[in-house]
Amino acid sequence: MTGNLYRGQAGLPFSSTLRVYEPLDAFPEEQRKAIAAAGAKAASRAAVENAELLASLGRITRSGGDPFPTGRTDLVRVTTAPAPKGGPSDDGADAEPELLYCPSQLVLRAGLAANALMEGIHGPLAELLIPEEQRDRHQERIDQVKARDGSTRVHTRASTWGIPFSWFSLFMDSDHKDVVEAAGRILTVRVWAPIPEALERARYAVANLALAAPDLDMLDDLAQLTEWLELFHVNSMVELDYGAVADKVYPDDSPMDIRLGIECLAEGDMTGAAAAYRRLASRWIPIRQLARAS
């Protein structure tokens, strides 16, 4: 059952994520043991995705009307830092790969998502679906997490029904990627970039858009994305996980189209910029329209 859930995502909306993985010493000392232990329990990425999906389905079907996570079983994803470009260590031996960790932080993320929903156009509906008593109870959980962990950086950003164009500015075609397939379908595509390289690309995009297209909504998104990435350890990795939408769009040239579009805007080539946008729109607008399909 869990395998089928992972492959089909149980008919849920396409969900994509942007995650930051940090070395263990980037976390507060009192958190490191728990994070390392949770990461060691993860048998595979598929197992983590299955567990998170099953837990989310369980929350929305449980009695009592409380859809929020309790944080008792927070999951941790683990990846390996790329080998240094210099090759083996100075003593001639191969360096041990460093593990990088990304905690799910479901309590904090659920609180942020609920606040965004309340402040949006669907606020009145959200108040009916999420009783005030449950929201207050979850705020107590958030306060407990913040009191325990101190200043907490949220390591994951999520998007449904498509990937924000600003995310693609962090990656290039040459970045490491994994294509996960099963039964003739692409389950997901994951692309990684070191934080310093991702930040350099984001700052390049911000600088050029600020000059060439200061009114573009993507500029604000990129500025916020840059500020977020600056919160993390210099040896971190950022991962774009396409999720199930990968089966609809991969192979995907979106990172190249974003880069070409920004370069064309910087050079005053409106025709080239428009062509890049048309390619992006033809790929992603149909995906976003699925959110309104009955």
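Thresholds, definitions, all that
Residues numbered from 1 in each chain as written. Predicted model: local features only at pLDDT ≥ 70, side-chain atom pairs only at ≥ 80, totals over all residues. Heavy atoms only, no water. Axes fitted to C-alpha atoms, helices over the stretch in contact; angles between N-to-C directions. Helix = DSSP H or I, 4+ residues; strand = E, 2+ residues; numbered from the N terminus. Parallel < 35°, antiparallel > 145°, perpendicular 65-115°, else oblique. Left-handed = near helix turned anticlockwise from the far one by under 90°. Contact = heavy atoms within 4.5 Å. Nonpolar A, V, L, I, M, F, W, Y, C, P; charged D, E, K, R; others polar. Salt bridge = Lys/Arg side-chain N within 4 Å of Asp/Glu carboxyl O. Buried < 20%, exposed > 50% of the residue type's maximum accessible area, 1.4 Å probe, protein only. pLDDT = per-residue confidence, 0-100. Phe/Tyr/Trp six-rings, centres within 6.5 Å; stacked < 30°, edge-to-face > 60°. Lys NZ or Arg CZ within 6 Å of the ring centre and 35° of its normal.

### Some words on the packing of helix H8 (residues 195–212) against helix H9 (residues 217–229)
Working note: a packed helix pair is described by the angle between its axes plus the distance between those axes. Packing of H8 against H9 brings their axes to within 9 Å, and their N-to-C directions diverge by 150°. On the basis of their axis angle, the class for H8 and H9 is roughly antiparallel. Handedness of the crossing formed by H8 with H9: left-handed. Across the interface between the two elements, Ile195, Ala198, Leu199, Ala202, Arg203, Ala205, Val206, Leu209 and Ala210 of H8 pack against Met218, Leu219, Leu222, Ala223, Thr226 and Leu229 of H9. Counted by class, the contact of H8 with H9 contains 13 nonpolar, 1 polar and 1 charged residues.

### So, the pattern of salt bridges
Evaluation of the coordinates by the stated rule reveals 18 salt bridges. Residue Arg279 pairs with Asp257 through a salt bridge whose shortest N-O separation is 2.8 Å. With Arg279 in helix H12 (residues 270–289) and Asp257 in helix H11 (residues 254–266), this pair connects stretches of sequence that are 22 residues apart. A relative accessible area of 2% means that Asp257 is categorised as buried. For Arg283, the salt bridge goes to Asp257, with nearest N and O atoms at 3.0 Å.

### Things to note about the confidence of the model for the protein chain
Considering every residue of the protein chain, the mean pLDDT works out to 85; 80% of them sit at 70 or more. Here residues 1–8 is a poorly scored stretch, pLDDT under 50, and it has 20 contacts once near neighbours within four places are set aside; other chains count.

### Digging into the packing of aromatic side chains
The final tally for this structure, using the stated rule, is 4 aromatic pairs. Aromatic side chains Trp228 and Phe232 sit 5.5 Å apart centroid to centroid with 85° between the ring planes, which places their arrangement in the edge-to-face category. Each member of the pair, Trp228 as well as Phe232, is classed as buried. Connected via pairs of aromatic rings, a cluster forms that spans Phe168, Tyr242 and Trp284. Here the guanidinium or amino end of Arg288 rests over the ring plane of Phe165, the centre of that ring lying 4.6 Å away.

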